[in-house]
Amino acid sequence: MIGILQVENKKVNLALRLIFCFYLLYSFFEAYINIIFGGFGRYIIFVVIICFLFSYKEIVIRWYHVCIILWFFLKFVSIFWVSNNYIVQSHFLSQIGMVLFFITMTVVEFNNQFIKSILITILFSSSILATLCLFFSQSYKGVEARQVLTIRGAQMDPNNQAAFLLIGVTVLLYLLFNKNSNIQYSILYILLSIIIIYAMFLTGSRGGIISLIIIIIVIALLNEKGNNLITKKTVLNTILVSIFAGGIYLIAKQLLREDIFKRIFNFASYSGGSNRIYIWSNTLQIIVNNPLFGGGWGAYWGYNDNYTVVHNTFLSILEDGGILGFVLFFLPHIYLCISSLNRRYILPLLVLISGLLPSFFIDSINKRFFWNAIIIAFILINNKAHYDQIDKVKN
């Protein structure tokens, strides 16, 4: 049982939807908005939390909230034994904000109207971001093979930009292959998908492209209709997805700069990206020495004179809190994946992996795209009204 958002005043309901959608929109363009208004954005999440909490009539704390709270508590107490607090000082406020935000947005059930507003905002934000990338992209910090949206000198990290675009194309491909849309909408979904994917290619984010490929495979293999996840339609979807992917490859080959194309499709160079193999090996030493509780929050910073992030959120979580912290954090995600598959409702699963997969290649424990995907996935899985509609169709 989960609490339900009950606000009798329709204006308040509308205000809450607008507040959350504004936050999502802000997330996509934070780097560019901040050059005008400064760093106020780091506090906007607390404003959203307060607005929602004051509107709730009933909340239910579930077991996965306890898991996330215990995970953060374990990280927090490790401050007292970790030797270097640089990462703690950098991430402390944002980490508290994201944990509170996750709890705030998942202790109630939101209605279909609220969820529809979220999906529309994701599609709008990612489409606008991708379109702007086509016309206003410049090399990222002088690296020509990595093109990102640049406004008045402000830029977003290319891997982060690719991750924000990924959740948009994930929703589009889900709608294209799992919903019976009319021809006009199908054409629109295809065109927007091509634009967003091309904008992802421009970033040169190999982690983003690998994540996209995996998501496309999942969409092709899993089917929401009927009692079986894998059906005859899976074969048709696989063929259509293969044609779509082949078309994207040909477009990329024709339109992309040669250096960007080689960066993405020269798979032999992936292992050496940002010296990741050495960094990961260095982090694994800490984990081996402290397997159960980890080395502590940010202990990798300065370890063996290596002053850099891990470039792998899974490894950094394992290093920060050990096996115990790793299990506490990812157990709720495993639950969501299983629930999504059991319910024949794969959108929560797709949204979740659109945030988790890119984080395998970068450090994203304090990034908005990472937590946004987790939060939205849980909002979707908690939407019982959707399940009732599915049950009616099946029966």
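Refer to the structure above for everything that follows.
Residues numbered from 1 in each chain as written. Predicted model: local features only at pLDDT ≥ 70, side-chain atom pairs only at ≥ 80, totals over all residues. Heavy atoms only, no water.

Here we look at the pattern of salt bridges
Here's step 1: Applying the stated criterion across every chain, the model contains five salt bridges.
Here's step 2: Salt-bridge contacts for Arg257 lead to Asp259; the nearest nitrogen and oxygen are separated by 2.8 Å.
Here's step 3: Given the relative accessible area of 29%, Asp259 is considered partly exposed.
Here's step 4: Linked through salt bridges whose partners overlap, the residues forming this network are Glu144, Arg257 and Asp259. (Salt bridge = Lys/Arg side-chain N within 4 Å of Asp/Glu carboxyl O. Buried < 20%, exposed > 50% of the residue type's maximum accessible area, 1.4 Å probe, protein only.)

Remarks on a nonpolar patch on the surface
Here's step 1: On the surface, a cluster of nonpolar side chains totalling about 930 Å² of accessible area is made up of Trp63, Trp81, Leu292, Phe293, Ile323, Leu324, Val327, Leu331, Ile334 and Ile338.
Here's step 2: With six residues, helix H13 (residues 313-342) is the largest single contributor of residues to the nonpolar patch.
Here's step 3: Relative to the assigned elements, Val327 resides in helix H13.
Here's step 4: For Val327, a relative accessible area of 42% translates into the label partly exposed. (Patch = residues over 30% accessible without salt bridge, like charges linked within 9 Å, V, L, I, M, F, W, Y side chains within 5 Å. Areas by Shrake-Rupley, 256 points an atom, 1.4 Å probe, with all protein chains shown as cover. Helix = DSSP H or I, 4+ residues; strand = E, 2+ residues; numbered from the N terminus.)

Re the environment of Glu144
Here's step 1: Structurally, the position occupied by Glu144 is in strand E4 (residues 143-151).
Here's step 2: Separated by 113 residues in the primary sequence, Glu144 and Arg257 have C-alpha atoms spaced 9.2 Å apart.
Here's step 3: Apart from the residues within four sequence positions on either side, Glu144 is in contact with Ser139, Arg257, Asp259 and Ile260.
Here's step 4: Within the structure, the side chain of Glu144 is placed 3.5 Å from the side chain of Arg257, a separation counted as a polar contact. (Contact = heavy atoms within 4.5 Å. Polar contact = N/O pair within 3.5 Å; in protein donor to acceptor, adjacent residues only side chain to side chain.)

As far as function goes, none of this settles anything; it's purely spatial.
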